[in-house]
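Chain by chain, the residues:
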Amino acid sequence: MLEILLKKRLDDRKSKVLYRVRHARFSPQKPEVVYQGRSLLSFSSNDYLGLANHPEVVSAFQRGAEKYGVGSGASSVISGYTSAHAALEEELSEFLGYPRVLLFSNGYMANLGVLKALLKKGDHLFQDKLNHASLIDGGLFSGAHFKRYLHNDLSSLKRELCRPGCESGHPEREQCHPSLCEGSRLIVSDGVFSMDGDLAHIPDLSRLARQYAATLMIDDAHGMGVLGATGRGSLEHHGLKVGDVDILTASFGKSFGASGAFVAANEMIIESCIQFARTYTYHTNFPAAIAEACRVSLQLIQKESWRREKLQKLVHLFKKGAKELGLKLSPSDTPIQPLMIGDEATALAVSDSLYQKGILALALRAPSVPKGSARLRITFSAEHTEEQVQQLLHALEMVNHEKIIAR
Ligand SMILES: *Cc1c(COP(=O)(O)O)cnc(C)c1O
């Protein structure tokens with residue numbers, strides 16, 4: 001019975017051109033990658049700063065494995081927490097200015113764990129509609145009342161914030177007072193939206209959170225290391241203080257070029273995560289060697305600001321060229337530059353055509369992005385050269401001539 005249902009679901013996915021196929025990479029994660037029998041110029045990685053294959057990061061990882069072995073052997077609350085993990089927590093706390101930092105094995109688990117640990121039935125959770133899947137799943141898992149407001153729309157959030165206490169008929173929503181509401185309130189947003197590259201209006205979210213006695217959590221997976229003069233991410237970019245955002249999460253899978261994640265917050269929130277985050281306590285800790293690699297990435301993020309400057313330059317170059325070609329980009333100044341296409345089959349055809357020209361730029365389709373908004377999610381790395389960006393533009397120009405994209 002299960003098999004019959006699964007076949008139906010898989011066939012359905014295929015017929016809607018939403019089926020995912022994996023391709024094994026035979027080389028490190030860098031601009032020039034090797035797939036079976038084929039070398040390609042890649043614009044489909046989140047290794048924004050080019051640290052995934054950085055010799056110092058690789059050697060820190062090797063030294064870590066020699067010192068601590070490979071497996072951590074247990075959960076962090078048993079015996080899997082090492083001095084490498086502790087040092088990384090300390091260094092991040094100092095870098096970001098938050099009182100405490102807690103490491104998780106990946107961003108997905110961090111978000112799931114934090115939301116489940118901090119919320120319970122009767123609490124209220126408010127999330128941007130375009131938040132990352134891990135935040136959405138964490139919200140569902142938490143058991144809290146869960147509202148999704150329109151993307152980056154403060155008035156939509158405001159309407160939702162007012163509702164819980166107003167259901168008894170408060171006439172003026174604007175005057176609704178937090179004390180009217182039972183339970184706590186948590187507002188959660190991506191700092192940089194992962195599929196569009198646009199920024200959340202964090203200063204406004206912070207103001208609103210204070211006004212409505214809500215806690216604010218920002219997932220800065222794509223901002224950390226990339227934004228701000230010293231790489232402290234969205235907060236630094238917007239000129240915010242630590243007190244403006246209560247909980248900050250980010251993944252080491254992106255700009256750190258590694259894997260793992262962290263949560264930064266105050267003592268009480270971090271201790272609550274250690275006690276109650278099920279993805280923390282019931283999970284074998286990630287290897288100390290990865291923590292050692294992340295420590296070096298953190299140094300490079302601070303030291304090598306040229307990587308951020310180079311990225312900005314490449315993004316600018318690409319946007320300028322794309323505009324001249326009349327391509328439809330989503331408004332973004334980050335290394336995430338979505339080329340909007342619309343229907344899934346056309347997006348795949350464009351991606352295939354680029355592949356034929358030696359370029360890897362993968363199409364993103366539903367449910368990763370809203371249905372009918374399929375796109376090429378083009379991303380840049382500080383390791384790309386200007387010539388490589390020109391190569392991409394040239395290939396896109398040829399695709400334009402092939403008239404795959406209806407305009
Ligand atoms: C990638 C990502 C995550 C998940 O992080 P992993 O470490 O890959 O599990 C969470 N949130 C956002 C916004 C992301 O882009």
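Residues numbered from 1 in each chain as written. Predicted model: local features only at pLDDT ≥ 70, side-chain atom pairs only at ≥ 80, totals over all residues. Heavy atoms only, no water.

**Student:** Explain the site of the ligand residue by residue, including any values.
**Tutor:** Around the ligand lies a shell of 14 residues, among which Gly107, Asp219, His222, Ser251 and Lys254 are the nearest. With respect to the ligand, the backbone of Gly107 contributes an N or O atom lying 2.7 Å from an oxygen atom. His132 has a polar side-chain atom sitting 3.4 Å from a nitrogen atom of the ligand. In isolation the ligand offers 380 Å² of accessible surface; the protein chains occlude 83% of this area. Sorting elements by how many residues they give to the shell around the ligand places helix H4 (residues 107-118) first, with three residues. (Near = heavy atom within 4 Å. Polar contact = N/O pair within 3.5 Å; in protein donor to acceptor, adjacent residues only side chain to side chain. Areas by Shrake-Rupley, 256 points an atom, 1.4 Å probe, with all protein chains shown as cover. Helix = DSSP H or I, 4+ residues; strand = E, 2+ residues; numbered from the N terminus.)

**Student:** Give me the lowdown on helix H12 (residues 306-324), citing residues and values where you can.
**Tutor:** For H12, which comprises 19 residues, the first-to-last C-alpha distance of 27 Å matches the rise-based estimate of 27 Å (1.5 Å per residue) to within 8%. All of the buried residues in H12 are Arg307, Arg308, Leu311, Leu314, Val315, Phe318, Gly321 and Ala322. Down the axis, H12 shows its buried residues gathered within 155° of arc, on one side only. What points out from H12, more than 90 degrees from its buried face, is the exposed set Glu309, Lys313, His316, Lys323 and Glu324. Looking at the packing, one finds that the buried side of H12 touches helix H11 (288-303), strand S10 (336-342), strand S13 (374-379) and helix H14 (386-401). (Expected span 1.5 Å × (residues − 1). Buried < 20%, exposed > 50% of the residue type's maximum accessible area, 1.4 Å probe, protein only. Arc of directions from axis to C-beta. Contact = heavy atoms within 4.5 Å.)

**Student:** Outline the pattern of salt bridges, listing residues and values.
**Tutor:** With the rule as written, the count across this model stands at 17 salt bridges. Here Glu267 and Arg100 are joined by a salt bridge, their closest N and O atoms 3.0 Å apart. Here the residue Glu267 occupies a position in helix H9 (residues 267-276), and Arg100 occupies one in strand S3 (residues 100-104), the gap between them amounting to 167 residues. Overall, the relative accessible area of 45% leaves Glu267 in the partly exposed class. (Salt bridge = Lys/Arg side-chain N within 4 Å of Asp/Glu carboxyl O.)

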